[in-house]
There are 2 protein chains.
Amino acid sequence: MSSETRYADWIAVDWGTTHLRAWAMQGDVARAEASSDDGMGTLDRDGFEPALLRLIEPWLGQGRMPILACGMVGARQGWHEAPYVSVPTTPGTLTPVQAPTTDPRLHLMIVPGLSQSEPADVMRGEETQIAGFLAAQPGFDGVLCLPGTHAKWVRISAEEAVSFQTAMTGEMFHLLAEKSVLRHSIGTEGEDPKAFTEAVSDTISRPEKLTQRLFALRAENVLKNLSLATARARLSGYLIGAELAATKPYWLGQEVAIAGSPKLAAAYASALQTQGVQPHVFDAGPLTRLGLARIHASLTESA
Amino acid sequence: MSSETRYADWIAVDWGTTHLRAWAMQGDVARAEASSDDGMGTLDRDGFEPALLRLIEPWLGQGRMPILACGMVGARQGWHEAPYVSVPTTPGTLTPVQAPTTDPRLHLMIVPGLSQSEPADVMRGEETQIAGFLAAQPGFDGVLCLPGTHAKWVRISAEEAVSFQTAMTGEMFHLLAEKSVLRHSIGTEGEDPKAFTEAVSDTISRPEKLTQRLFALRAENVLKNLSLATARARLSGYLIGAELAATKPYWLGQEVAIAGSPKLAAAYASALQTQGVQPHVFDAGPLTRLGLARIHASLTESA
């Protein structure tokens, strides 16, 4: 490290398929934040470094700046592949992979994703959220649920991610609500908490009826004027119920934490409450930054 | 009826969301056939009559031509609404609804769809396939499966459709295979019959695992190079297995007939065979025309 006084010691980067976020860090404190919609999925290979520089150039000094990134930036089709690390493993001490750069001011390291052999499963980006969660909740022993496009359920013990399971719940919801025949019957907003929890319970008790229940949303709209808001709540309840049916070995009788966007995390919490589980709810917003800071600190400690 | 010698006595029309087909009929014999991609979903209201005339004008004479149509042409957003008829009902003797026309040569009648109050369900177009199936298989007593975008299972007894159930299996397959994260892991062709039947059996015995199995296709592709053809067979098996789990009260211990496109009908047959059911398999190709002829004949008989 040079003795030059710089605006940032290092830069934290969260780079997914649809978004790019960066923080100018001093230790574990973020001094500035910037973001753009230059997701991995929208860029050509030649566009990666310019997209990053558009956000972080103001924070660079004369020397080489350590940059720690996570997410799809480390996928095979990303900037540079950071091969999956198999569970069980400790997310907070994952070893990042150095990625090639053109600009000599950039020293880019990428956090690897996690894999599981049986049942086959992968994550990329969530490992850093788990590290952040454990930085905020040290010693947590139980199951962490990260709801979203591809929801993750993770067994955690002694700072390790022991095993995990993915459910495509968020993606299924958007495909069915926006791209299927149900799109005319599903509102874009509105809530019906009672319809939601009933749909959750119905699906957990009779998961085999899922495919029939879905089309009934359309039929009830046509025949009985089912409201768009109630249909939306029921679709969400059916799909979250199906996820809870599939992940029952994860949450049954366990200490459960949910970290997501506040609205979605609250929906999962009320779904779990129908099954007698009282989860702890956290806002996932800061977790990626906290996780990158945790992994960065472990690098410095071990250096 | 005029005594004029005409090319056709009447015209049969199958008008769905994505296609338009017409047959020039003499009695129950088709003398000519025409089709276009002027589906209801692609046309404005002003475009319906011109689209029909583009196909059938060569078959019109001087007088008024009876035209019997089925499908989305009778939906609320179609040419003219033909309100649903509730089951139980006899598809072969449904009473069509007359629709307004501008061209005086057209006498358009539309076959109503079927509805069921509890569980709520609807069909539009398949009622005519059922009428056609019963014209070809009079006296059939059992369950008819019509696989497709929205698969229908219909209990049939004494020429009546007694009850029915819809599963969105075909639509789910296309959304997941083409629009979801699985699209990179699912082939566009290729077969693996063993993987298919194993996936069917797995899902029928553990339907609650569906949402986990789906993402595992992606993970096994990334971690274990699961072939695109095997992944396609498994996705199909999982979804058809989920449909069979939902429709078990329909097929268990029943006489089952499947009428679909030959390849899809064969897949459903092999799926049912894993459960000890030996279905009769029919090509659905001619059923709509046969059904329109059956309904047209019943109008003439009752006139």
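Notes on the structure in this doc start here. (Residues numbered from 1 in each chain as written. Chains lettered and ligands numbered in written order. Predicted model: local features only at pLDDT ≥ 70, side-chain atom pairs only at ≥ 80, totals over all residues. Heavy atoms only, no water.)

Scanning chain A from N- to C-terminus turns up 9 helices and 14 strands. Against the compact-globule benchmark of 19 Å for 303 residues, chain A has a radius of gyration of 21 Å, which places it among compact chains. For chain A, the spread of C-alpha atoms along the principal axes amounts to about 70 × 40 × 35 Å. Among the 303 residues that make up chain A, the fraction classed as buried is 57%. Once local pairs closer than 6 in sequence are excluded, the contacts in chain A between residues at least 24 apart make up 65%. (Helix = DSSP H or I, 4+ residues; strand = E, 2+ residues; numbered from the N terminus. Rg over C-alpha atoms; globule rule 2.2 N^0.38 Å. Buried < 20%, exposed > 50% of the residue type's maximum accessible area, 1.4 Å probe, protein only. Contact = heavy atoms within 4.5 Å.)

Under the counting rule described, the total for this entry stands at 20 salt bridges over all chains. Taking the shortest distance from any N to any O, the salt bridge between A:Glu118 and B:Lys224 comes out at 3.3 Å. Highlighted residues: A:Glu118 in the loop between strand 8 (114-116) and strand 9 (121-123) and B:Lys224 in helix 5 (residues 210-224), drawn from two different chains. According to the relative accessible area criterion, B:Lys224 is partly exposed, its value standing at 38%. B:Glu81 serves as the salt-bridge partner of B:Arg76, at 3.7 Å between the closest nitrogen and oxygen. For B:Arg76, a relative accessible area of 53% corresponds to the exposed category. Given a relative accessible area of 31%, B:Glu81 falls into the partly exposed group. Salt bridges sharing partners connect three or more residues here, namely A:Glu57, A:Asp103 and A:Arg105. (Salt bridge = Lys/Arg side-chain N within 4 Å of Asp/Glu carboxyl O.)

As summarised here, the arrangement of the 3 strands in space is 5-8-9 (chain A), forming an open sheet in which the pairing is mixed. Each end of this open sheet is capped by a strand with a single partner; those strands are strand 5 (85-86) and strand 9 of chain A. Where strand 8 of chain A and strand 9 of chain A come together, 3 bridges link them in antiparallel fashion. For A:Gln116, the partnering residue across the bridge sits in strand 9 of chain A and is A:Asp121. Docked against the sheet, helix 5 of chain B engages strand 8 and strand 9 of chain A, running at close to 85° with respect to strand 9 of chain A. (Pairing = 2+ DSSP bridges. Axes fitted to C-alpha atoms, helices over the stretch in contact; angles between N-to-C directions.)

Across the boundary between the two partners, chain B contributes 46 residues, which contact 46 residues of chain A. Both sides of the chain B and chain A interface together cover about 3600 Å² of buried area, and 68% of this is carbon and sulfur. For chain B, the biggest contributors to the area lost against chain A are B:Met168, B:Thr211 and B:Phe215; these three give 17% of the whole. Taken together, chain B and chain A are joined by 2 salt bridges. Secondary-structure elements contributing two or more residues to the side of chain B that touches chain A are strand 8 (114-116), strand 9 (121-123), strand 12 (160-167), helix 3 (169-179), helix 5 and helix 6 (228-246) of chain B. Broken down by element, the residue count for the side of chain B that touches chain A peaks at 12 residues, all from helix 5 of chain B. For the side of chain B that touches chain A, the class distribution of residues is 23 nonpolar, 11 polar and 12 charged. (Buried area = accessible area lost by both parts, 1.4 Å probe. Nonpolar A, V, L, I, M, F, W, Y, C, P; charged D, E, K, R; others polar.)

On to the sheet that holds strand 6 (residues 97-98) of chain B, then. All names here are of chain B. Spatial strand order, 3-2-1-4-7-6: 6 strands in an open sheet with mixed pairing. Either end of the sheet is taken by a strand with one partner, and the two such strands are strand 3 (29-36) and strand 6. Here strand 1 (residues 10-15) runs beside strand 2 (residues 20-26); their pairing, made up of 6 bridges, is antiparallel. Each residue of the ladder has a partner; that of Val13, found in strand 2, is Ala22.

Membership of the largest hydrophobic core comes to 48 residues, with the highest contact counts inside it found for A:Leu235 and B:Leu235. Discounting residues that sit within four places of it in the chain, A:Leu235 has contacts with A:Phe173, A:Leu176, A:Ala177, A:Leu182, A:Ile186, A:Leu214 and A:Leu217. (Core = buried A, V, L, I, M, F, W, Y, C linked by side-chain atoms within 4.5 Å.)

Superposition record for chain B on chain A: RMSD 0.0 Å, screw rotation 180°, translation along axis 0.0 Å. Here the two chains are linked by the operation of a two-fold rotation axis. An overlap of 100% is found between the interface residues of chain B and their copies at the interface of chain A, pointing to a shared contact surface. (Least-squares fit on C-alpha atoms with pLDDT ≥ 70 in both.)

Take the environment of B:Ser227 next. Residue and element names in this part refer to chain B. Its location among the elements puts Ser227 in the loop between helix 5 and helix 6. Judged by relative accessible area, Ser227 falls into the partly exposed class, the value being 35%. When the C-alpha atoms of Ser227 and Met168 are compared, they prove to be 26 Å apart, with 59 residues separating the residues in sequence.

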